[in-house]
Amino acid sequence: MDRAIDASLSRALAELWRGSAALGVNDAIQHGLELAVGLTGSAIGYFHFVNDDQETLELVTWSAATRAVCAAWTDRHYPVSKAGVWVDCLRTRAPVVHNDYEALEHKRGLPDGHVRLVRHMNVPLVEGPLVRFIVGVGNKPTDYTDDDVAALTAFAADLWLLIQQKQEVAALRHRAGWLARIQRITRSTGFEWDIDADALGFDGNAGVLTGGDSAAPHTMAHLRHLVVEGDRGAFSAALDEARRAPGQLVGEVVRMERPDGRRWTARLMLRADPRERGSGLVLRGVLQDISDELNAEEYRHKAFHDYLTELANREMLVHRLSGAVALLPQRTGAPSGGGLALHMLDLDRFKPVNDTHGHSMGDAVLKQVAKRLQAITRRSDVVARVGGDEFAILQLDVSSPEDAATLAAKIIAALSEPYEVDGRTLTIGVSIGIALGNECGGTPDLLLRDADEALYRCKAAGGGRYAFHGEAPVPSPGAGEG
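Definitions and limits used
Residues numbered from 1 in each chain as written. Predicted model: local features only at pLDDT ≥ 70, side-chain atom pairs only at ≥ 80, totals over all residues. Heavy atoms only, no water. Helix = DSSP H or I, 4+ residues; strand = E, 2+ residues; numbered from the N terminus. Buried < 20%, exposed > 50% of the residue type's maximum accessible area, 1.4 Å probe, protein only. Contact = heavy atoms within 4.5 Å. Areas by Shrake-Rupley, 256 points an atom, 1.4 Å probe, with all protein chains shown as cover. Axes fitted to C-alpha atoms, helices over the stretch in contact; angles between N-to-C directions. Left-handed = near helix turned anticlockwise from the far one by under 90°. Nonpolar A, V, L, I, M, F, W, Y, C, P; charged D, E, K, R; others polar. Pairing = 2+ DSSP bridges.

S.K.: What is the right way to read the overall build of the protein chain from this model?
M.R.: Secondary structure summary: the protein chain contains 13 helices and 19 strands in total. Taking all 482 residues of the protein chain together, the buried fraction comes to 50%. A separation of at least 24 residues holds for 60% of the contacts in the protein chain among residues at least 6 apart in sequence. Carbon and sulfur atoms make up 51% of the accessible area of the protein chain, which amounts to about 22,400 Å² in all.

S.K.: Would you take a moment to explain the packing of helix H11 (residues 359-376) against helix H12 (residues 401-416) for this structure?
M.R.: The axes of two packed helices give the description: the angle between them and the distance between them. Direction vectors running N to C along H11 and H12 enclose 145°, while the axes themselves pass 10 Å from each other. As H11 runs across H12, the sense of the crossing is right-handed. When H11 is examined against H12, the residues Val369, Arg372, Leu373 and Ile376 are found in contact with a partner set consisting of Leu407, Lys410, Ile411, Ala414 and Leu415. For the contact of H11 with H12, the class distribution of residues is seven nonpolar, no polar and two charged.

S.K.: So what exactly am I meant to see when it comes to the sheet that holds strand S2 (residues 56-62) here?
M.R.: For sheets, the rule is that strands pair by backbone hydrogen bonds, running either parallel or antiparallel. The sheet built from six strands is open, its strands ordered S3-S2-S1-S6-S5-S4 with antiparallel pairing. Of all the strands in the sheet, just strand S3 (75-79) and strand S4 (96-98) have a single pairing partner and so form its edges. Neighbouring strand axes in the sheet, compared pairwise and without regard to direction, differ in orientation by 25° on average. Two elements, strand S1 (residues 44-50) and strand S6 (residues 130-138), share six bridges in a ladder whose sense is antiparallel. Considered in S6, the bridge of Phe47 is made with Val135.

Structure representation (structure tokens):
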């Protein structure tokens, strides 16, 4: 790729992520389209999703310059069979360039008022068997070149990653709002009980229990006291059953009494799960007021983020990793490289922090670890907490193993710095296993397995190291072992 075009692509990609940080999905697409027009020196542009049937398009948007000279329209199911040469890239599943539009024999003309088309280029975003979207530009003063095609293709790959991120955030916000509305409609509240500590916490809808501003119960004995005396045996039996069968959903219907004496019928749903740190169980449950509608459906919300650090959880990591692996063949033209690196992290000497100072101190350290990881990674990377003291980073746009090694060394240095918590100074470390992905592939499961294998060898060597799959661990200067 021409050096000047490569530099322009780098600037456009940086602005894509920076300028879209606070934007929603549609505005981010519009921002990306304007950048694509500028990147290729074009005068007009468009962006359209391809529906899963691959026979219809969702017409999304046109560049501002395009909409200034002709009317745009929307259609969620525009037939590909009706479209002209502007969907040739969908038909061929490859970039298409028309440097002499007037000479094309198979063109179908343009709508009334459409700007005169001289030159045209478009590329598809192909993910596995599906074309996800097409992005096109037109009327560059000079002919489109292979470098223009490579630049637009690389730009489209990053745009797709950005769109997926925005769609995930929008889905999470929708689900959170939906859950709050559902809780109000169904009059339900959720709680979590740390059995060993007898610590009981409720969400923001605990007024279902109290009927007003009274404080929510903070121990299980307090909650049990709100159950009508004749149903307390059934309530306790449900708790016992959930503890005997971790992972299984246990249900019961009990009568409860609010502080003002009003009685109501509750559907109780419980599930006990192993603690993420140490032994024992944590019990989570939902209480729903079904006094009026005993047959209301239960709602279970599945989170995509770790509750403690607010990082991505394992499910989101695997989802993002699967998407990045599917896009590897298209990202090889990116200026900073088209590969990826999966870093699996395990904290060294963290168990003594919990054992000596307690879990609240350990939680505070984990939160600081999360902030440090976010500070040394890019917005396009994925930082996740995947276990008690285990984290992961999906590093994108990796051009060589040195890129991954550089990040691993930064992580070890950052996490080895002392932690100040409640007047105490604590020191831990980290071991890192790395698996590389490139255009030649590697499934998500294989990358996770390879990174875990490399991590295991680092821990066996004493910690404070990073290792690539199949290679010897590398000590990081200044990092302690353990």
